[in-house]
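Descriptive structure summary
What follows is the residue order along each chain.
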Amino acid sequence: MRTISENRCFGGIQGVYAHASEVTGCDMTFGLFLPASAIERPAPVLWYLSGLTCTHENAMVKAGAQRFAAEHGLALVFPDTSPRGEGVANDEAYDLGQGAGFYVNATQAPWKKHFRMWDYLAEELPRVVTAGFEIDEDRQAITGHSMGGHGALTLAMSLPGRFRSVSAFAPIANPTGSDWGRKQFTAYLGADESRWRAHDASILMAEKGFDGEVLIDQGGADQFLDLLRPETLAQAMAARRQPGAFRMQKGYDHSYFFVSTFIEDHIAFHSEALWR
C-alpha cells in the first residue's frame, strides 16, 4: 500500500491510498478518514459506496461527512467504484465499465478478468484497511448513494453479522426491473436472470431482510426515480416489517446537495448502532 495524500481534517486525517489488488488485478485507490480518537483506540468504521461515474473522491470531497464522523469518532472508507487502468475493459457508455462496476463479480468476457467488485469490497479491501489502520473490524456499518446504495444494501443483507447498520441515499432499489441494472447485469453476469437476484435489494429485502436497522432517504424530485424504483424497496420493507425508515424527501434531487443535506442524520444513525 502506498500513500497518495494525507490532510488534516476536523482533527483527524483524510488520506488517499493505493494498493495492488489481487482480486481486481490492477491498482485500486481508496479514501480513508481517521478521526483523532483513533490514536487512543481503534475506530468503528462506516463504508461509503459511491454511484455511477464516481471515483473514491466524489463523496470524500462533496458529502461533507468528515465533520460528523469526527464528532462521533467514526472512520470513513471511500472505495472506488470499479477497477481502472490500462488493460481494464471499458465502454463508451457512462453506465457500463470503468466507474460502473455495480458491486458484482463479473462472469462474462471482457469484464470477468478485472470486474470483481463484490469480492473486493466483501473480502480484500476490509483486510487491507484493518491491517493498515486503527480500525475496529467488529464495529462496521455501510452506506452508499445510487449505485452505491444498491451495493451497500446487497452487501449488508448478504453478509449477515458483518454490518451493524445499513443506510442508502437514493439507491438503485430494483435493478432487475430497471435499465440501471438489466443492461449491466446482462453484460457482467450473463442473460440468465436467476443469477441477478442476489444483487437486487428489493428481492433480498423480501427474502432475507437485514438483521439490524435500515435508513433510506430518497429525493422526491429525483430526476432518476423511474430508474431507481424506490417503491419496490419500500413495499418490500413494509411487507417484511423491516425495522428502520424509508423517507421521501420533498423537493430533493439526485445530487450531492441531497446527500450532504442528510449525511448528518445517516452518520448519527450509524453511530448509535456502532457504539451500542
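1. Re the state of the cysteines
Taken as a whole and assessed by the stated rule, the structure comprises zero disulfides. Of the cysteine sulfurs around C9, a residue in no disulfide, the closest is that of C54, at 19 Å. Counting only cysteine sulfurs, C54 is the nearest neighbor of C26, a cysteine outside any disulfide, at a range of 18 Å.

2. Overview of the environment of F269
Looking at where F269 falls in the secondary structure, it is placed in helix α9 (residues 256–274). Linking F269 and S165, residues 104 residues apart in sequence, is a C-alpha distance of 8.1 Å. With near-sequence residues (within four places) excluded, F269 lies in contact with S165, V166, S167, E213, V214 and L215.

3. What about the side chain of D119?
Along the polypeptide, D119 turns up in helix α3 (residues 117–132). D119 has contacts with V23, N105 and E124, leaving out every residue within four places of it along the chain.

4. Comments concerning unusual backbone geometry
Omega for the bond connecting A109 with P110 falls within 30 degrees of zero, at 0 degrees, which places this linkage in the cis form. For P110, the location among the structural elements is in the loop between β5 (75–79) and α3. Phi angles above zero are rare outside glycine, and T53 is one such case at about 75 degrees. Note that T53 resides in the loop between β4 (43–49) and α1 (57–62). Here T53 falls in the exposed class, since its relative accessible area comes to 51%. Even without a glycine there, the phi angle at R241 is positive, about 60 degrees. Its location among the elements puts R241 in the loop between α8 (230–240) and β9 (244–249).

5. Description of α9
At 3.6 residues per turn, the α-helix brings residues three or four places apart onto the same side. Along α9, the sharpest kink reaches roughly 45 degrees, centred on F262. Taken residue by residue, α9 has Y256, F258, V259, F262, I263, H266, I267, F269, H270, S271, A273 and L274 as its buried positions. Two or three places before F257, at the opening of α9, S255 has a side-chain oxygen 3.2 Å from that residue's backbone nitrogen.

6. So, the packing of helix α2 (residues 65–72) against α9
Running from amino to carboxyl end, α2 crosses α9 at an angle of 25 degrees, the nearest separation of the two axes being 9 Å. In terms of orientation, α2 lies roughly parallel with respect to α9. Every pair of crossing elements has a handedness; the one defined by α2 and α9 is right-handed. Where α2 abuts α9, its residues A65, F68, A69 and H72 lie against I263, E264, I267, A268 and S271.

7. What to know about the pairing of strand β7 (residues 165–169)
β7 sits mainly inside the fold: five of its five residues count as buried. Side chains S165, S167 and F169 of β7 all project onto a buried face; the interleaved residues V166 and A168 project onto the opposite face, where all are buried too. Pairing between β7 and strand β8 (residues 213–219): five bridges, direction parallel. Bridge pairing in β8 places S165 opposite E213.

8. Focus on the environment of S178
Inspection of the secondary structure puts S178 in the loop between β7 and α5 (179–189). Considering only alpha carbons, one finds S178 and R229, 51 residues apart in sequence, at a separation of 7.5 Å. With sequence-adjacent residues up to four places away left out, S178 is seen in contact with L227 and R229.

9. Quick word on the packing of aromatic side chains
The geometry of an aromatic ring pair comes down to the distance between the two centres and the angle between the two planes. Scanning the model with the defined rule gives 13 aromatic pairs in all. Ring geometry for Y17 versus F133: centroids 4.9 Å apart, planes at 55 degrees, classification tilted. Residue Y17 is located in strand β2 (residues 12–21), and its partner F133 is located in the loop between α3 and β6 (135–144); the two are separated by 116 residues in the primary sequence. Under the relative-accessibility criterion, F133 is labelled buried at 13%. By the ring-pair criterion, three or more aromatic residues cluster together here, those being F169, Y252, F258 and F262.

10. Some thoughts on helix α4 (residues 147–158)
Taking 1.5 Å per residue as the helical rise, α4 with its 12 residues ought to reach 16 Å, and the 16 Å between its terminal C-alpha atoms agrees with that figure. Among the 12 residues that make up α4, 11 are buried, leaving the element largely enclosed by the rest of the structure. Taken together, the buried positions of α4 are occupied by M147, G148, G149, H150, G151, A152, L153, T154, L155, A156 and M157.

Analysis parameters
- Residues numbered from 1 in each chain as written.
- Predicted model: local features only at pLDDT ≥ 70, side-chain atom pairs only at ≥ 80, totals over all residues.
- Heavy atoms only, no water.
- Disulfide = S-S within 2.5 Å.
- Helix = DSSP H or I, 4+ residues; strand = E, 2+ residues; numbered from the N terminus.
- Contact = heavy atoms within 4.5 Å.
- Buried < 20%, exposed > 50% of the residue type's maximum accessible area, 1.4 Å probe, protein only.
- Bend = angle between axes of the 7 residues up to and from the residue.
- Polar contact = N/O pair within 3.5 Å; in protein donor to acceptor, adjacent residues only side chain to side chain.
- Axes fitted to C-alpha atoms, helices over the stretch in contact; angles between N-to-C directions.
- Parallel < 35°, antiparallel > 145°, perpendicular 65-115°, else oblique.
- Left-handed = near helix turned anticlockwise from the far one by under 90°.
- Pairing = 2+ DSSP bridges.
- Phe/Tyr/Trp six-rings, centres within 6.5 Å; stacked < 30°, edge-to-face > 60°.
- Expected span 1.5 Å × (residues − 1).

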